[in-house]
Amino acid sequence: MRLHLVDGTYELYRAHYSPRPGTTAPDGRDVKATAGVMDSLLALLHDEQEAVTHVAVAFDNPIRSFRNALFAGYKGDEGVPPELRAQFDLVEEAVAALGVRVWSMKDQEADDALATAAARWAGEVEQVRLLTPDKDLGQCVRGQRVVQVDRRQQKVMDAEAVKAKLGVAPESVPDLLALMGDDADGIPGLPGFGAKGAAAVLQAYGHLEAIPDNAAEWTVKVRGADKLAATLKASRDDARLYRTLATLVEDAPLPGTASLADLEWKGVPEARFKAFCEGLGLKSLQRRPKRWAA
């Protein structure tokens, strides 16, 4: 038994900007991104190697959260193409039409939903698979019990792979993002701290609080250590704020989900799925399902 947790917002954006042909509904709406997400999820649901038994897809709707109140520069919905924004509700309907649980996140983010579910049910399944390439989800990886999956690059990362890629253990990922920043989320990081330097320091100390103010006390050699130590000493409050922004919560509300049983995938509900596809003119998708709900 596996639990697949999908970053729906990532899937939506990936489908929108993909080279796949445009798709227009009979009423003239652009539904390329929605069709792309459905296509991608159908491939996942029928993938024998993935062996999906329990699954949920989380969306940011809207792309704002409690973090925007903590830091004005945090990512928002500015610049979202209107044709993509118009599909935020539609894609949730589409995923539900596949018989898959949808978590529409308002005050928290999709990533918070994935982190919450992973923490809550990791002990009840053979493996939790986090389907997103976003590096902030690396903090949720636990051994081989909770892994991160990049479907596009066909890579699976356990805890050792996260450490090999980012240079730090999963539990230090928020500290790493606090120091080096995360452009995708609008976290600026501290001046001078690049990925390599930040990782080297955190390999030695694990978390921000354990890093000495004086570089002379550092047990690791890092280029420009004196300047980096001075920057951190002067900006520890900023660093702690950035870490808070990068830390995923594990108590986010999961709409419609009281237990793991609520996430069981029983197949595509035929009538609902076909009606949805017909409404959007997605004739080719109607032939895709291989497993219909009983």
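Within each chain, residues carry numbers counting from 1 in the order of the written sequence. For a predicted model such as this one, the threshold for reporting local features is a pLDDT of at least 70, and the threshold for listing and counting side-chain atom pairs is 80 or more; totals across whole chains, interfaces and linings nevertheless cover every residue. Working from all heavy atoms in the structure, the side-chain values ignore hydrogens and water.

Overview of unusual backbone geometry
Working step 1: Of note, the amide linkage connecting Asn61 to Pro62 takes the cis form, showing an omega dihedral of 10°.
Working step 2: Counting from the N terminus, the helices are DSSP H or I runs at least four residues long and the strands are E runs at least two residues long. Mapped onto the fold, Pro62 is located in the loop between strand S2 (54-60) and helix H3 (66-70).
Working step 3: One non-glycine residue with positive phi stands out, namely Ala51, at about 50°.
Working step 4: In this structure, Ala51 sits in the loop between helix H2 (32-45) and S2.

Looking at the side chain of Asp158
Working step 1: Mapped onto the elements, Asp158 comes out in the loop between strand S6 (155-157) and helix H7 (159-166).
Working step 2: Polar contact criterion, stated in full: a pair of N or O atoms within 3.5 Å, where within protein one must be able to donate a hydrogen and the other to accept it, and residues adjacent in sequence count only if both atoms are side-chain atoms. At 2.9 Å, the side chain of Asp158 and the backbone nitrogen of Ala161 are in polar contact.
Working step 3: The criterion used for residue contact is that any of the two residues' heavy atoms lie within 4.5 Å. The residues contacting Asp158, other than those within four sequence positions of it, are Val141, Gly143, Gln144 and Val147.

Considerations on the domain arrangement of the chain
Working step 1: For the purposes of this description, domain bounds are those given by an automatic or database domain assignment. Considered domain by domain, the chain is made up of domain 1 (2-166 + 249-287) and domain 2 (170-246).
Working step 2: Using C-alpha coordinates to define each centre, domain 1 is positioned 31 Å away from domain 2.
Working step 3: Between domain 1 and domain 2, the residue contacts involve 15 residues of the former and 17 residues of the latter.
Working step 4: Summed over both partners, the interface of domain 1 with domain 2 comes to about 1400 Å²; 65% of that surface belongs to carbon and sulfur atoms.
Working step 5: Summed over the three residues of domain 1 that lose the most area to domain 2, namely Phe71, Lys135 and Gln139, the buried surface amounts to 36% of that side. Once two parts are put together, the accessible area they lose, assessed with a 1.4 Å probe and summed over both, is termed the buried area.

Thoughts on the packing of H2 against helix H12 (residues 270-280)
Working step 1: For the pair H2 and H12, interaxial distance at closest approach is 12 Å and the crossing angle is 150°. Crossing geometry of H2 relative to H12 is assigned as left-handed. Taken together, the residues of H12 that come into contact with H2 (itself represented by Thr34, Met38 and Leu42) are Phe273, Phe276, Cys277 and Leu280.
Working step 2: Residues are sorted three ways: Asp, Glu, Lys and Arg are charged, Ala, Val, Leu, Ile, Met, Phe, Trp, Tyr, Cys and Pro are nonpolar, and all the rest, Gly among them, are polar. In terms of residue class, the contact of H2 with H12 is made up of six nonpolar, one polar and no charged. Angles shown run from 0 to 180 degrees and are taken between the N-to-C directions of axes, each axis being a line fitted to C-alpha atoms and, for helices, limited to the stretch in contact. By the definition used in this description, the sense in which the near helix is turned from the far one sets the handedness, with an anticlockwise turn below a right angle giving left-handed and a clockwise turn giving right-handed.

Some words on the pairing of strand S5 (residues 146-150)
Successive side chains on a regular strand alternate, one facing one side of the sheet and the next facing the other.
Working step 1: Type-normalised accessible area, obtained with a 1.4 Å probe on protein chains alone, sets the label of each residue: buried when under 20%, exposed when over 50%, and partly exposed for intermediate values. In terms of residue burial, S5 counts as a mostly covered element, since five of its five residues are buried.
Working step 2: By the alternation rule, side chains of S5 split into Val146, Gln148 and Asp150 and Val147 and Val149, which are all buried.
Working step 3: Both strand S4 (residues 127-131) and S5 contribute to a ladder of four bridges, which runs parallel. Among the inter-strand pairings, Val128 is bridged to a residue of S5, identified as Val146.
Working step 4: Any two strands are treated as partners once DSSP identifies two or more bridges connecting them. In terms of strand pairing, S5 meets S6 through three bridges, oriented antiparallel. Counterpart to Val149 in the pairing with S6 is Val156.

So, the nonpolar core
Working step 1: Of all hydrophobic cores here, the largest spans 41 residues; its most connected members are Met38, Leu41, Val95, Val100 and Leu282.
Working step 2: Elements that contribute at least two residues to this core include exactly helix H1 (8-16), H2, S2, helix H5 (88-96), S5 and H12.
Working step 3: Setting aside its immediate chain neighbours within four residues, Leu282 contacts Thr23, Val31, Ala35, Met38 and Cys277.
Working step 4: Within the second largest apolar cluster, 35 residues are counted, among which are Val162, Val168, Trp218 and Ala246. Among buried residues, those of type Ala, Val, Leu, Ile, Met, Phe, Trp, Tyr and Cys that are joined through side-chain atoms within 4.5 Å constitute a nonpolar core.

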